[in-house]
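One-letter residues, chain by chain:
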Amino acid sequence: MRVFVTGASGFIGSAVIKELLDAGHEVTGLVRSKQSADALEAMGVRGHIGSIEDVESLRKGAADAEGAIHTAFFHQITQMSCLPVFA
């Protein structure tokens, strides 16, 4: 199965990727840097540089996937415009 994993270079994402590879799956991982993409590719994972904030990037990364696993964390959650403001 072709699987798209967000947060691929993180603690949880890297553990999930290892399990997927061990089970014989083909993995594409969303990462934020070329360095992280290179590290994934050395493991046999296709690196996709992008951001969980960029919907078009997510679409492109997941385009060929048959499944997706979301492990990414948005580090600037306090700056999200969609959050309600409580006074």
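Structure first, text after, so check above.
Below, the structure is looked at part by part. Bear in mind that the values here come from a model prediction, so they are computed numbers and not experimental data. (Residues numbered from 1 in each chain as written. Predicted model: local features only at pLDDT ≥ 70, side-chain atom pairs only at ≥ 80, totals over all residues. Heavy atoms only, no water.)

1. Concerning the overall build of the chain
Then, in step 1: Along the chain, the regular secondary structure elements total three helices and four strands.
Then, in step 2: Written out in order from the N terminus, the α and β elements of the chain read β-α-β-α-β-α-β.
Then, in step 3: Counting across all 87 residues of the chain, residues that qualify as buried make up 29%.
Then, in step 4: Here the contacts in the chain between residues at least 6 apart in sequence split such that 43% fall between residues at least 24 apart.
Then, in step 5: Taken as a whole, the chain presents about 6,000 Å² of accessible surface, with 56% of it coming from carbon and sulfur. (Helix = DSSP H or I, 4+ residues; strand = E, 2+ residues; numbered from the N terminus. Buried < 20%, exposed > 50% of the residue type's maximum accessible area, 1.4 Å probe, protein only. Contact = heavy atoms within 4.5 Å. Areas by Shrake-Rupley, 256 points an atom, 1.4 Å probe, with all protein chains shown as cover.)

2. Some words on the side chain of T6
Then, in step 1: Tracing the sequence through the fold places T6 in strand β1 (residues 2-6).
Then, in step 2: Of the polar contacts made by the side chain of T6, one reaches the backbone nitrogen of A72; its length is 3.2 Å.
Then, in step 3: Beyond its immediate chain neighbours, meaning those up to four positions away, T6 contacts L30, I52, L58, I69, H70, T71 and A72. (Polar contact = N/O pair within 3.5 Å; in protein donor to acceptor, adjacent residues only side chain to side chain.)

3. Description of the pairing of strand β2 (residues 26-31)
Then, in step 1: Burial runs high along β2: five of the six residues are buried.
Then, in step 2: When β1 meets β2, the two strands line up parallel, connected through four bridges. For V5, the partnering residue across the bridge sits in β2 and is G29.
Then, in step 3: With helix α1 (residues 11-22) bridging β1 and its parallel neighbour β2, the resulting β-α-β unit is right-handed.
Then, in step 4: Examined bridge by bridge, β2 and strand β3 (residues 46-49) share four bridges and lie parallel to one another. In the sheet register, L30 faces β3, and the bridge partner there is H48.
Then, in step 5: Note that the unit made of β2, helix α2 (residues 34-42) and β3 has a crossover that is right-handed. (Pairing = 2+ DSSP bridges. Right-handed = clockwise from strand over helix to strand, strands pointing away.)

4. Re the sheet that holds strand β4 (residues 67-70)
Sheet strands pair by backbone hydrogen bonding; their relative direction is either parallel or antiparallel.
Then, in step 1: Pairing within the open sheet is parallel, and its four strands lie in the order β3-β2-β1-β4. Each edge of the open sheet carries a strand with a single partner, namely β3 and β4. On average, each strand axis in the sheet is inclined to that of its neighbour by 20 degrees, with strand direction left out of account.
Then, in step 2: Helix-sheet contacts for α2 involve β2 and β3, and the interaxial angle to β3 is about 165 degrees. (Axes fitted to C-alpha atoms, helices over the stretch in contact; angles between N-to-C directions.)

5. Brief notes about the pattern of salt bridges
Then, in step 1: Evaluated as defined, the whole model comprises three salt bridges.
Then, in step 2: When the shortest N-O distance is used, the salt bridge between D22 and K18 registers 2.9 Å. Here D22 pairs with K18, and both are found in helix α1, just four residues apart, close to one helical turn.
Then, in step 3: The partner of K34 in a salt bridge is D38, with the nearest N and O atoms 2.8 Å apart. Separated by four residues within a single helix, K34 and D38 lie in helix α2, roughly one turn from each other.
Then, in step 4: Take K34: its relative accessible area is 54%, and that puts it in the exposed class. (Salt bridge = Lys/Arg side-chain N within 4 Å of Asp/Glu carboxyl O.)

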